[in-house]
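Topology and contacts: notes
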Amino acid sequence: MIRVEGFHKVYRETVAVADVSFAVGAGEVLGLVGPNGAGKTTTLRALCGILPPTRGRLWVAGHDIVEEPVAAKAQLAYVPDDPSLFDALTVWEHLQFTASAYRVNDFAPTAEALIEQFELTEKRDTIAGELSRGMRQKTAICCALLHDPKAILLDEPLTGLDPRAIRTMKDVILEQARQGAAVIISSHLLSLVEDLATHLLMLHRGERLYFGPVNEARGAFGDLNSDATLEEVFLRATES
């Protein structure tokens, strides 16, 4: 559902990502981890078509993001770490706009279910400029899920969410995967990745340190115990 081959991104003289390859199949959840500046957000933004690759190819649902951007984006949802909303539109108007952009017919039942699930019912007629950080995050997530995407990219998805919304978000991620979506979660919260991810992509200074099943990562970096946490794996890998 998501495939990246030889992705390389250079900003002037700085190599942000160096020849990274990976894939995420339907029903899989990939945890994208790495220190600050590792290339995580650059990779996600390239998959969304926001940044052009210096070289390499990226596919979403079988569509090359450079050669078939509209077809690829129609199957894609992206929630950045600080979503930008239209301050003058209400929560419900954001969903209306999203439905129009993605040509979602009879969107209202799905939209109603999403705002109820994320406890936005009382805020449906509130403009985004008056929403809290957490409410803005919830609105962005609802808009992202409205068109039933086949590939879902989440950059620090729990930012600003309260404990109940965090539980809802985790449940939604698992449910989307069960329904066949490919999900990428980029987060510094390694406990979140450990709870949800089936696979792990670890980047460091733009290079791939590890890609594979989460439960095999412990054996990739020396003599870690079988019960070592993902935090211990991460520290061992990035400090080597």
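Look up a bit, the structure's there.
Since the structure is predicted, the reported quantities are computational estimates derived from the model, not experimental observations. (Residues numbered from 1 in each chain as written. Predicted model: local features only at pLDDT ≥ 70, side-chain atom pairs only at ≥ 80, totals over all residues. Heavy atoms only, no water.)

Relative to the elements of secondary structure, Val 172 occurs in helix 6 (residues 163-178). Residues Val 172 and Thr 126, spaced 46 residues apart in sequence, show a C-alpha to C-alpha distance of 24 Å. (Helix = DSSP H or I, 4+ residues; strand = E, 2+ residues; numbered from the N terminus.)

The next thing to look at is the packing of helix 3 (residues 91-101) against helix 5 (residues 133-145). Look at helix 3 against helix 5: their axes get within 9 Å of each other, and the N-to-C directions meet at 25°. The orientation of helix 3 relative to helix 5 falls into the category roughly parallel. Crossing geometry of helix 3 relative to helix 5 is assigned as right-handed. Contacts between helix 3 and helix 5 involve Val 91, His 94, Leu 95 and Thr 98 from the first element and Thr 139, Cys 142 and Cys 143 from the second. (Axes fitted to C-alpha atoms, helices over the stretch in contact; angles between N-to-C directions. Parallel < 35°, antiparallel > 145°, perpendicular 65-115°, else oblique. Left-handed = near helix turned anticlockwise from the far one by under 90°. Contact = heavy atoms within 4.5 Å.)

Moving on to the nonpolar core. Among the nonpolar cores identified, the biggest contains 38 residues, and Leu 95, Leu 154, Met 169, Ile 173, Val 183 and Ile 185 are the most heavily contacted of them. Those elements that provide at least two residues to this core are strand 6 (76-79), helix 3, helix 4 (108-117), helix 5, strand 7 (151-155), helix 6, strand 8 (182-186) and helix 7 (190-196). With seven residues, helix 5 is the largest single contributor of residues to this core. (Core = buried A, V, L, I, M, F, W, Y, C linked by side-chain atoms within 4.5 Å. Buried < 20%, exposed > 50% of the residue type's maximum accessible area, 1.4 Å probe, protein only.)

Turning next to the packing of aromatic side chains. If you walk through the whole model with that rule in mind, you get three aromatic pairs. Ring centres 5.6 Å apart and planes at 35° place the aromatic pair Trp 92 and Phe 107 in the tilted group. With Trp 92 in helix 3 and Phe 107 in the loop between helix 3 and helix 4, this pair connects stretches of sequence that are 15 residues apart. The exposure classification of Trp 92 matches that of Phe 107, with both residues buried. (Phe/Tyr/Trp six-rings, centres within 6.5 Å; stacked < 30°, edge-to-face > 60°.)

Further remarks concern empty space enclosed by the protein. Counted according to the given criterion, the structure contains two cavities of 30 Å³ or more. Computed from the structure, the largest cavity encloses a volume of approximately 50 Å³. Every residue lining the largest cavity is listed: Val 79, Ile 141, Ala 144, Leu 145, Ile 152, Leu 154, Met 169, Val 172, Ile 173 and Gln 176. Tallying contributions element by element places helix 6 first for the lining of the largest cavity, with four residues. Here the lining of the largest cavity is built from residues that sort into nine nonpolar, one polar and no charged. The space that makes up the second largest cavity amounts to roughly 40 Å³. Lining the second largest cavity we find Glu 194, Val 214, Ala 217, Arg 218, Thr 229, Leu 230 and Val 233. Each residue belonging to the lining of the second largest cavity can be placed in one class, and the counts come to four nonpolar, one polar and two charged. (1 Å grid on protein atoms, 1.4 Å probe; cavity = no way out; pocket = protein on both sides within 12 Å on 5 of 7 lines; lining within 4 Å. Points joined across faces, edges and corners; volume = space filled by probe spheres on them. Nonpolar A, V, L, I, M, F, W, Y, C, P; charged D, E, K, R; others polar.)

Read from one edge of the open sheet, four strands run 2-1-4-5, paired in antiparallel fashion. The strands lining the two open edges of the sheet, one partner per strand, are strand 2 (14-24) and strand 5 (63-64). Bridging between strand 1 (residues 2-11) and strand 2 involves seven bridges; their strand directions are antiparallel. Along strand 2, the bridge assignment pairs Tyr 11 with Thr 14. Contacts between helix 1 (residues 40-47) and the sheet are confined to strand 1, strand 2 and strand 4 (55-60), with strand 1 contributing the most and set at about 115° to the helix. (Pairing = 2+ DSSP bridges.)

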